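A structural walkthrough
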Amino acid sequence: MSNLMEKIVSLCKRRGFIYPSSEVYGGFGSCYDFGPLGVEMKNNIKKAWWNEMTKFHENIVGLDAAILMSPKVWQASGHLTAGFADELVECKKCHKRFRPDEIQHPRLSNLTSGVCPECGGELTKPRKFNLMMKTFVGPVEDEASLTYLRAETCQGIYMNFENVLNSMRVKIPFGVVQIGKAFRNEITPKDFIFRIREFEQMEMEWFCHPKEADKYFDYWLNERLKWYENLGIKKENLRQVEVPEKERAHYASRQIDIEYKFPFGWKEIEGIHNRGDWDLSNHSKHSGKDLKYFNEETKEKYFPYIVETSVGVERSLFAFLCEAYQEIPGGRTKTTKPTKEVEILLKLDKKIAPIKVAVLPLVRNKPGLVKKAKEVYQILKPHFVCQYDELGSIGRRYRRVDEIGCPWVLTIDFDTLKDNTVTLRDRDTMAQERVKIADLVELLKEKLSEAKPRPLS
Ligand code: GAP
């Protein structure tokens, strides 16, 4: 793990973003739990994505389908066959498994080195391992009760294509969005929360006329890139990679991966796929139900093509954290001598920062200040995710809130007791302004909406 990665992982645990799952038992299979700050940040990302799709675009409706579905869904979608499998080699000596791309020959990129990177043992030929997680429904564990935890959320959308058409009176082109858990029995989970076995996906399936799929593919790719930039990811840390045919997902006739420059290299954070009529035609064939679309005006009947945008909540959260993480040797304060300490600043976009406002009494041994600070906290709490903190010197507390990316800090000082004003500190500029307690809620609401919603497109 790189030094920077280690620091981010450590910050995540220290400040309540992410903990290893089942830690008292030594952790469990690359699963992670999101702590009090992690869950707020995750919720903010999901809200930003949902708003982006359903409020700032036309003709998109939401769905929340069950995780458990008929195993026939996965048969028809191609996930039970070789299409959804990782190729792996195994060391004959220590029995560790590797993806061929992890053990590439140092000079020949199309060849594996043939040697185990852990113990130098001989490696087997590559074999396919299916990634679907099995489970049983009902009391008897046999073939008849076998099903799978969904490996992608979008299959629930295809299952409800007709229901949505009939109940919502939507017309092609239209989109259906869903956010939910997906599971993959990844053989080589790695890089903290980058590749895990249980994760959440935010997927949008855009049903359109086959002739318009290319146009919408470009449109959605562009929109998705803008979304990341709007939430603070620098243009130079994003790139699009056209995936060649032999590396594409089995359902995709075109695939562009949006990649982010993580500390461990450029990696996919989102996939844009032209799934053509792969899903609807296969589900029609396997179920016997005609899932073609009928255009009343033109009398044309056809399988719509699907343009998909698919991103993992954890993976995007990880990218936002990496982008926001900054270290300032000696600290940012220019008014005092630089200390030897390195200060950490998490410059998260205000919309996704987990805690929006921190309320701090200047000192905690003055009951009047503490009482007033708690009153201010109670005024703000119904409106914003806030934190009250009285432990340690005011400088230390400022540093703690910078470390969790909290955009605003309110300090209750002796003037507050005289004139009911507080200082409001901006995380990024460290500028302080004096604000009336009575104006706080409106002012902070305004500042939060400063991060303007995207215009309709
Ligand atoms: N429905 C299309 C689909 O699932 P994918 O490229 O397999 O496409 C889309 O996955 C996104 O889901 C990825 O770009 C990534 O953000 C996230 N994702 C996939 N597997 C993941 C894993 N094991 N851990 C975390 N996120 C994952």
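In this report, we go over the structure that sits alongside the text.

Conventions we followed
- Residues numbered from 1 in each chain as written.
- Predicted model: local features only at pLDDT ≥ 70, side-chain atom pairs only at ≥ 80, totals over all residues.
- Heavy atoms only, no water.
- Helix = DSSP H or I, 4+ residues; strand = E, 2+ residues; numbered from the N terminus.
- Buried < 20%, exposed > 50% of the residue type's maximum accessible area, 1.4 Å probe, protein only.
- Near = heavy atom within 4 Å.
- Polar contact = N/O pair within 3.5 Å; in protein donor to acceptor, adjacent residues only side chain to side chain.
- Areas by Shrake-Rupley, 256 points an atom, 1.4 Å probe, with all protein chains shown as cover.
- Nonpolar A, V, L, I, M, F, W, Y, C, P; charged D, E, K, R; others polar.
- Disulfide = S-S within 2.5 Å.
- Salt bridge = Lys/Arg side-chain N within 4 Å of Asp/Glu carboxyl O.

Some details on the environment of K128
- By the secondary structure assignment, K128 is in strand β6 (residues 127–130).
- We classify K128 as exposed; its relative accessible area is 52%.

A closer look at the site of the ligand
- Neighbouring residues of the ligand: 22 residues in total, closest E152, I196, E203, E268 and I269.
- One of the side-chain nitrogen or oxygen atoms of Q201 is found 2.9 Å away from an oxygen atom of the ligand.
- For the ligand, an oxygen atom lies 2.8 Å from a polar atom in the backbone of G312.
- For the ligand, whose accessible area on its own is 560 Å², the fraction buried by protein is 95%.
- Put simply, the parts of the chain that give the shell around the ligand at least two residues each are β10 (198–208), β13 (265–276) and β16 (305–312).
- Ranked by the residues each element gives to the shell around the ligand, the list is headed by β13, at 6 residues.
- A per-class count over the shell around the ligand returns 7 nonpolar, 5 polar and 10 charged.

Some remarks on the state of the cysteines
- The tally for this structure, following the rule as stated, stands at 0 disulfides.
- No disulfide involves C116; its nearest neighbouring cysteine sulfur is the one of C91, lying 3.8 Å away.
- Free of any disulfide, C208 has its nearest cysteine sulfur in C154, 15 Å distant.

Things to note about the pattern of salt bridges
- The full count for this structure, using the stated rule, is 37 salt bridges.
- Residues E162 and K289 are paired through a salt bridge, measuring 3.2 Å at the closest nitrogen-oxygen approach. Here E162 is found in helix α5 (residues 161–168), whereas its partner K289 is found in the loop between α7 (278–287) and β14 (293–294), with 127 residues between them in sequence.
- When its relative accessible area of 26% is taken as the criterion, E162 is described as partly exposed.
- Judged by its relative accessible area of 45%, K289 is partly exposed.
- For the salt bridge of R399 with E343, the shortest nitrogen-to-oxygen distance reads 3.4 Å. Taken together, the positions of R399 in helix α10 (residues 394–403) and E343 in strand β18 (residues 342–346) put the pair 56 residues apart, joining distant regions of the chain.
- Here E343 falls in the buried class, since its relative accessible area comes to 8%.
- Within this structure, K42, K46, E200 and E314 form a network of salt bridges that share partners.

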